[in-house]
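Analysis of the macromolecular model
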Amino acid sequence: MPTPSRVQYTIRGVPRDVDQALRRKAHQRKLSLNRLLVEELTNAAGGRSHRSLQSIAGRWKKDPEFDRLLAEQRQIDWSLWR
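Keep in mind that what you see is a predicted model, and the values were worked out from it rather than measured.

Counting its regular elements, the protein chain contains three helices and zero strands. Written out in order from the N terminus, the α and β elements of the protein chain read α-α-α. For the protein chain, with 82 residues in total, the buried portion stands at 4%. A total accessible area of about 8,600 Å² is found for the protein chain, and carbon and sulfur atoms account for 54% of it.

This is how it looks when you write it as structure tokens:
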């Protein structure tokens, strides 16, 4: 039985050439067809599901030392660019 955070799909009518291409890709990547399909669907949907950032929203604190270090890292050494 699927865990509460997972959904199960049944897909019908997959063209034979698409099936063969997916199976070939799964074989090349040494994945099960199911694992490949889950990865492909996840990527097509924009990657992993996003967790809420509500717990950290609004908690940024000014840190002058951090800002100074970032500014220092952002300096361009033009002698390295030719």
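What follows is about helix α1 (residues 16-28). For α1, built from 13 residues, the straight-helix expectation of 18 Å at 1.5 Å per residue is met to within 8% by its first-to-last C-alpha distance of 18 Å. Directly beyond the C-terminal end of α1, a positive phi value near 55° is found at Lys-30.

Let's shift gears to the environment of Glu-65. Residue placement: Glu-65 occurs in helix α3 (residues 64-73). Given the relative accessible area of 41%, Glu-65 is considered partly exposed.

Conventions and cut-offs
Residues numbered from 1 in each chain as written. Predicted model: local features only at pLDDT ≥ 70, side-chain atom pairs only at ≥ 80, totals over all residues. Heavy atoms only, no water. Helix = DSSP H or I, 4+ residues; strand = E, 2+ residues; numbered from the N terminus. Buried < 20%, exposed > 50% of the residue type's maximum accessible area, 1.4 Å probe, protein only. Areas by Shrake-Rupley, 256 points an atom, 1.4 Å probe, with all protein chains shown as cover. Expected span 1.5 Å × (residues − 1).

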